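Letter by letter, the chains look like this.
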Amino acid sequence: MATMIPNFPARSLTTEGHQVETPLQSSGLPPDPPARIKFKRLDKTAKHIMQIIDKEAVEEVKVQREIPDIRPGYIVQLKVEVPENKRRVSILKGIVIARRNAGLNTTFRLRRLVAGVGVESLFPLYSPNIKEIKVLDKKKVRRAKLYYLREKMNALKKQ
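Residues numbered from 1 in each chain as written. Predicted model: local features only at pLDDT ≥ 70, side-chain atom pairs only at ≥ 80, totals over all residues. Heavy atoms only, no water.

## Digging into the environment of Val89
1) Next: Counting through the fold element by element, Val89 comes out in strand 4 (residues 89-100).
2) Next: As for Val89 and Leu78, which are separated by 11 residues in sequence, their C-alpha atoms are 9.6 Å apart.
3) Next: Setting aside residues no more than four positions away along its own chain, Val89 makes contact with Lys79, Val80 and Glu81. (Helix = DSSP H or I, 4+ residues; strand = E, 2+ residues; numbered from the N terminus. Contact = heavy atoms within 4.5 Å.)

Below you can see the structure in the form of structure tokens.
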């Protein structure tokens, strides 16, 4: 009795104790092992990809306009486009009391006096609404966050 053996490339078939070799394997070359799939932790890979995209976005914004190094203790003047009225640009002057570094989402907190009342505003550093940032003065500070200036009104009146 002649049995038909199906021709599978580069594999050996085992049926009930005896082994049948296919013509590809009999050529003397060892069979190729199946490609091994490496499973990486996708959450780590995704974070790495987001960091790359974030850096590219920051570099793109820096190419479009000049953004000075802003640190706590700097007195800055901002030209900010008001979101409600796109044509109006308001000028804000105040002291930077905090900065939060988070790539494209980097923010800084500006404290200024409005009609004798201290007002704090939080601005994204790379926001398209900020048209210009000018550093007027640099005060020497020893803290990263100058929240103690909230109680001291005189620090703002010297501007």
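The discussion continues.
## Examining the pairing of strand 6 (residues 117-124)
1) Next: Note: strand 5 (residues 107-114) against strand 6, eight bridges, orientation antiparallel. Residue Val114 lies in a different strand from strand 6, and its bridge partner there is Val117. (Pairing = 2+ DSSP bridges.)

## Looking at the pattern of salt bridges
1) Next: Enumeration according to the criterion identifies eight salt bridges in this entry.
2) Next: In this structure, Asp137 and Lys139 form a salt bridge, with 3.5 Å as the shortest nitrogen-oxygen distance.
3) Next: Here Asp137 falls in the partly exposed class, since its relative accessible area comes to 34%.
4) Next: Connected via shared salt-bridge partners are Arg109, Arg111, Glu120 and Arg150. (Salt bridge = Lys/Arg side-chain N within 4 Å of Asp/Glu carboxyl O. Buried < 20%, exposed > 50% of the residue type's maximum accessible area, 1.4 Å probe, protein only.)

## Topic: the nonpolar core
1) Next: Counting 17 residues, the largest nonpolar core has Leu78, Phe108, Leu110, Phe123 and Leu125 as the members making the most contacts within it.
2) Next: At the level of elements, helix 1 (42-64), strand 3 (74-81), strand 4, strand 5 and strand 7 (130-138) are the ones that each hand at least two residues to this core.
3) Next: Setting aside its immediate chain neighbours within four residues, Leu125 contacts Arg65, Ile67, Ile70, Arg99, Thr106, Thr107, Phe108, Ile130 and Ile133.
4) Next: Within the second largest apolar cluster, six residues are counted, among which are Ile75, Ile95, Ala98 and Leu149. (Core = buried A, V, L, I, M, F, W, Y, C linked by side-chain atoms within 4.5 Å.)

## Focus on the sheet that holds strand 6
1) Next: Spatially, 6-5-4-3-7 is the arrangement adopted by the five strands of the open sheet, whose pairing is antiparallel. Of all the strands in the sheet, just strand 6 and strand 7 have a single pairing partner and so form its edges. Geometrically, the sheet is characterised by an average inter-axis angle of 35 degrees between neighbouring strands, direction not taken into account.
2) Next: Sheet topology places strand 4 next to strand 5; five bridges connect them, and they run antiparallel. Bridged to Ala98 within strand 5 is Arg109. (Axes fitted to C-alpha atoms, helices over the stretch in contact; angles between N-to-C directions.)

## Focus on the side chain of Arg111
1) Next: In this structure, Arg111 sits in strand 5.
2) Next: Arg111 sits in the buried class, given a relative accessible area of 7%.
3) Next: Looking at Arg111, its side chain comes within polar contact range of the side chain of Glu120, at 3.2 Å.
4) Next: Within polar-contact distance, the side chain of Arg111 engages the backbone oxygen of Arg150 at 3.4 Å. (Polar contact = N/O pair within 3.5 Å; in protein donor to acceptor, adjacent residues only side chain to side chain.)

## What to know about unusual backbone geometry
1) Next: In this structure, Ala115 takes a positive phi of about 55 degrees despite not being glycine.
2) Next: Structurally, the position occupied by Ala115 is in the loop between strand 5 and strand 6.

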